[in-house]
Structures are given as structure tokens and as C-alpha cells.
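A closer look at the structure
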Amino acid sequence: MDALTASMALLRLEGLGPARYWQLLEHFGSPDRALLQFPPTLLSKLPPRAQSQWRDCCRLGLQSELLEWVAAERARCVQIGVQLLYHGDAGFPNLLAEISRPPPILYVRGEAAALSLPQIAIVGARRATTSGLDNARSFAMELAGSGFAITSGLALGVDAAAHQGALRGQGATVAVLGSGVDSVYPRQNRALAEEILGAGGAIVSELPLGSGAEAKNFPRRNRIISGLSMGVLLVEAAMRSGSLITARLALEQNREVFAIPGSIHNPMARGCHHLIREGATLVETSADIAGQLGGLLAEPADSEPLSNTPLDNQQLSVLLALQGGPRSIEQLAVDTGEPAGELMALLLQMELLELLEQLPGGYQLTAQGAACCLQKEGVAT
């Protein structure tokens, strides 16, 4: 019996759960041995139905109700295009595998490779303010443009805005569910889920197919969100919220935690302020995050001076537009002809390359950017 089949059978036993699964695995060393040598003391603590399922499994093997369910579940996954990742597989995401007692199995729709991309989780309130939603979209779009995948929970509010922003930034985004991957919740976000899949992202859950969105499932979902990510950004959250739990889980998992400050009169800012007081990094721009986590574009590829960094036409047009002095994003969009979404991602890339810097209301050249302009003008003459 392979490890995936044995793990699915163990987790199917009523009353077992991931915690007891890991206790068994730590004792027996493999899920197939744990299933076949199930300790009587633990079996007696499980509900009568689970005890009966296990005894039938030992007696009837593949013809037992338990293993027939596993076979049907695996066949259904193949039929609807869901990939199963066992925690011991090479394809299981490395960061998630590093946390204490990770999910034994992941159900994945879409590109499983997206789970191994450098990820930043963006979470926050379901009933976020307009400003909070705008922040979630813009941070996600800019971070996606700098090479990060954006991870969130596909909930209404900040989660949905983060996924939308990643899509606008033409990046990958990962949605972790508190239901089965074939039962997208909430219904209002089903179209968004299809967009995520169409753009090379993934929808993930540790729950079997057909599982509903029950309250007990969401702490497990939040643990996966933080476990997959290099860092977690809290956009808006009340003091008692699932988003704050996600941030605290991230701290336990030694992940970086970032928070956007807000008005002292906004109750949705209190969770962020609480985290900042506890040591979360206060951020005002996406560059604050990308610089700290070392995004794909945060460091030069080699040790050459930045003034020697090759510039493409888009970057050069931005530099030339800034030669006359600071410019707002709106002015730069007019000067360069770049669409707003692409321009924001481009500005973040150039800020990470230290070619320009952000000011209140706009951008200006750094000394490095001015040197690049002079160098290009010298080449042209």
C-alpha cells in the first residue's frame, strides 16, 4: 500500500484528525505501518464507526469500505483534474513542509508548481473599507509584478482584492480554501476562482472533495496560508479576526509579518496596530516588503555597479520623464504611455534597483538613476 493511500485511509477514520495522524507517524515511521498496526489504546478512543472501519480494513483489504472510499476519491480527483500531494512527495511545497506537523495531504486544482513559488500572503477583513480594498489590490499587483506569488483565502473583502490585484499584475496567485477544492466558498467568488486557474495559479485545500465550509476548517486553512508564504501582510483586521490568527500563526512559523497602519478612528486598523506594537514591520509601500524579503528583483544579478545595469525601453522612458524633476504616477502614465497596472509594477522594479525613489505624491530620480540617464545620453551622442 502506498503512503498516499494509507494516509487518506487514516485521515478518513472519524475522530482521528491531523494531530493524531502525526502522533502515529512519529511512532510507526510510515502511514502504511500506522494503518496496519493501529494501537489498540488509540483505537478504543475513536468512535464505534471508526473502530468498525479499521477492523474491516484489516479483514477485507481493498474490498473494505475505507479503502474503497480512498480508491473512489483518487479516481474522482483524476476525473476533475485535482492533484494530490502527500507531505513526503518531492512536489510538496518546501516552506509548508518545514512547519511543525504540516498538512498530511494537499488537494490542488491548477498549477501545483505555483505552490513552490516565493509567496507573500495578503489577508484582512471581509468587511474592509474602500481604502483597505484599494491597498490590498495595489500591494498585490506591485508585489506580483516584482516576482512574488500572492496567497490568500478567497474570502470576500481583502482576500478577494488581493487575488484580483495579483491577476492585474499578471502574477500567479494561490487560493487556500476552508472547504473542498470542488466546493468553492463563498459562491460569489467562483468566477474569481476560475480566473485564478486560468492565469496559472492554484486552488488548494487539505480537506476531502465535497467538504463544506465549516467554521472549524478555517484555522487549518489559515495555517496553510501562512505556511506557504515567506511573509504575511495584514491589510485591515479587527482585534478578533481570522486574519489576526493567520498573522500570529506566521510568527509561530518564523515568517515575516507586515502590517499597514490606518486611522486611529478605524476599528479595522486596530488589529494592524496591535501587531505593529508586537513587532510586525510597519509598511507604507510594497517596496518595504520586497526589499526585506529579497524579491526576485530586489538584488542585482551580479556585482556590477547599478549604473551599468542594462535598461529596457520602458525603464529608460521613465528615467527620461523624471529628468525634469519629480512626477506623479498620473503624469508618468501620460509621459510614458504605459498602462497604470504595468507602470506601477515597473516603478516598483526600478525602485528596487535604486534608480528612483518614492515621494509623497510621486517619484524622483536617485543619484544612481541620474547617472544612468547621463550614461545613456553619452552613448546617444
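Nothing here was measured: the structure is a model prediction, and the numbers come from that model.

1. Digging into the pattern of salt bridges
- Evaluated as defined, the whole model comprises 9 salt bridges.
- Of the charged contacts, one joins glutamate 26 and arginine 101 as a salt bridge, the two residues approaching to 3.0 Å between their closest N and O atoms. Linking glutamate 26 in helix H2 (residues 17-28) with arginine 101 in the loop between helix H7 (94-97) and strand E2 (105-110), this pair joins segments that are 75 residues apart in sequence.
- Looking at glutamate 26, the relative accessible area reads 52%, which means it is exposed.
- Here glutamate 194 makes a salt bridge to arginine 109, at a shortest N to O gap of 3.2 Å. You can see glutamate 194 sitting in helix H10 (residues 190-198) and its partner arginine 109 sitting in strand E2, a full 85 residues away along the chain.

2. Observations regarding the nonpolar core
- In this structure, Leu10, Phe38 and Tyr107 are the most contacted members of the largest nonpolar core, which totals 44 residues.
- With 29 residues, the next largest nonpolar core counts Leu85, Leu96, Ala121 and Ile224 among its residues.

3. Focus: the environment of isoleucine 122
- Within the secondary structure, isoleucine 122 sits in strand E3 (residues 119-123).
- Looking at isoleucine 122, the relative accessible area reads 0%, which means it is buried.
- On a C-alpha basis, the gap between isoleucine 122 and alanine 112 in space is 20 Å, while along the polypeptide they are 10 residues apart.
- The residues contacting isoleucine 122, other than those within four sequence positions of it, are Ala136, Phe139, Ala140, Leu143, Ile150, Thr151, Ser152, Val158, Asp159, Ala162, Leu233 and Val235.

4. Quick word on the sheet that holds strand E7 (residues 231-234)
- On the basis of which strands lie adjacent, the open sheet formed by 9 strands has the order E1-E2-E6-E5-E4-E3-E7-E8-E9 and mixed pairing. Edge positions in the sheet fall to strand E1 (82-86) and strand E9 (281-282), since each of these pairs with one other strand and no more.
- As paired strands, strand E8 (residues 256-259) and E9 are joined by 2 bridges and run parallel to one another. Following the sheet pairing, alanine 259 is matched in E9 by leucine 282.
- Each of E2, strand E5 (173-176) and strand E6 (202-205) touches H10; the most contacted strand, E6, lies at about 115° to it.

5. Some thoughts on the confidence of the model for the chain
- Within the chain, residue pLDDT values average 87, and 93% of them lie at 70 or more.
- Within the model, pLDDT remains below 50 along residues 295-307, and this stretch shows 21 contacts once partners closer than five positions in the same chain are excluded.

Each value, and the rule that gives it
- Residues numbered from 1 in each chain as written.
- Predicted model: local features only at pLDDT ≥ 70, side-chain atom pairs only at ≥ 80, totals over all residues.
- Heavy atoms only, no water.
- Salt bridge = Lys/Arg side-chain N within 4 Å of Asp/Glu carboxyl O.
- Helix = DSSP H or I, 4+ residues; strand = E, 2+ residues; numbered from the N terminus.
- Buried < 20%, exposed > 50% of the residue type's maximum accessible area, 1.4 Å probe, protein only.
- Core = buried A, V, L, I, M, F, W, Y, C linked by side-chain atoms within 4.5 Å.
- Contact = heavy atoms within 4.5 Å.
- Pairing = 2+ DSSP bridges.
- Axes fitted to C-alpha atoms, helices over the stretch in contact; angles between N-to-C directions.
- pLDDT = per-residue confidence, 0-100.

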